[in-house]
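# Architecture and fold: a report
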Amino acid sequence: MVAEISKFNDVVTKLSRLDGVVSVYMASRAGVFTIGTTPEMTDRTMFSAITSMMLGAAEQLGGEMGDDLDHVFLRLNRTNMLILGAGGKHIVGIELRPEADLKKIIDEAKKIISAA
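Throughout what follows, the structure given in this document is the object of discussion. Since the model is a prediction, treat every value here as computed from it, not as a measurement. (Residues numbered from 1 in each chain as written. Predicted model: local features only at pLDDT ≥ 70, side-chain atom pairs only at ≥ 80, totals over all residues. Heavy atoms only, no water.)

### Looking at unusual backbone geometry
Apart from glycine, the bulk of residues carry a negative phi angle, and the bulk of peptide bonds sit in the trans form. To be explicit about the condition: Counting from the N terminus, the helices are DSSP H or I runs at least four residues long and the strands are E runs at least two residues long. Any residue under 20% of the maximum accessible area for its type is buried, any over 50% is exposed, and the rest in between are partly exposed; the area is computed with a 1.4 Å probe on protein chains only.
The phi dihedral of Met41 falls on the positive side, at around 70°, and the residue is not glycine. Inspection of the secondary structure puts Met41 in the loop between strand 2 (33-36) and helix 2 (44-64). Owing to a relative accessible area of 79%, Met41 belongs among the exposed residues under this scheme.

### A look at the packing of aromatic side chains
Within a pair of aromatic rings, the relevant descriptors are the distance that separates the centres and the angle that separates the planes. Convention followed: Any pair of Phe, Tyr and Trp rings, taking the six-membered ring for Trp, is counted once the centres come within 6.5 Å. Such a pair is stacked with planes under 30 degrees apart, edge-to-face with planes over 60 apart, and tilted for the rest.
Within this structure, the stated rule accounts for one aromatic pair. With a centroid separation of 5.8 Å and an interplanar angle of 75°, the aromatic rings of Tyr25 and Phe47 are classed as edge-to-face. Here Phe47 lies in helix 2 and Tyr25 lies in strand 1 (residues 21-28), a separation of 22 residues in the sequence. Of the two residues, Tyr25 and Phe47, both sit in the buried class.

### Some details on the nonpolar core
Threshold: Buried Ala, Val, Leu, Ile, Met, Phe, Trp, Tyr and Cys residues that are joined via side-chain atoms within 4.5 Å together make up what is termed a nonpolar core. Working rule for contacts: check all heavy atoms of both residues, and any pair within 4.5 Å makes them a contact.
If you look at the biggest cluster of nonpolar residues, it comprises 21 residues, and the most contacted ones within it are Leu15, Met26, Val92 and Ile94. Taken together, the elements giving at least two residues each to this core come down to helix 1 (2-16), strand 1, strand 4 (80-85), strand 5 (90-96) and helix 3 (102-115). Leaving out residues up to four positions away in the same chain, Val92 has contacts with Leu15, Val24, Tyr25, Met26, Leu82, Ile83, Leu84, Ala86 and Ile113. One finds Tyr25, Phe33, Met81 and Ile83 within the second-largest nonpolar core, a separate group that totals ten residues.

### Overview of a nonpolar patch on the surface
Selection criterion: Exposure above 30% relative accessible area and no salt bridge define the residues that can form patches, which grow by joining like charges within 9 Å and nonpolar side chains of Val, Leu, Ile, Met, Phe, Trp and Tyr within 5 Å. Residue exposure ignores everything except the shown protein chains as possible cover, and the areas themselves are Shrake-Rupley values with a 1.4 Å probe. Salt bridges are defined as contacts in which a side-chain nitrogen from Lys or Arg sits within 4 Å of a carboxyl oxygen from Asp or Glu.
Taken together, Met46, Ile50 and Met53 make up a surface patch of nonpolar side chains, about 310 Å² in accessible area. Along the chain, Met53 falls in helix 2. For Met53, a relative accessible area of 57% puts it in the exposed group.

This is the structure:
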């Protein structure tokens, strides 16, 4: 368990350093906050649960369409949210500035997650 938390911390730290990233957190696929920082003014417990459900629902939708989900992206008025699966048990949520290079962040995030 300690080794797993160390890996999660490494993922969150590396993702946090990418240009355009505001906050990063990891949660279980069941929605339990694990590590990191959720967006400002959010309840991390509730936020983790909601984003976990969103990713799960989107993955189910992709399965119904005979396709696999790559990521969930939410374009909001002041910020953006990227949600990625991180293996079979966890998710990663990344809050982005509107001007962030989404493709570059997705590519880097996948490399960082897979290397952990």
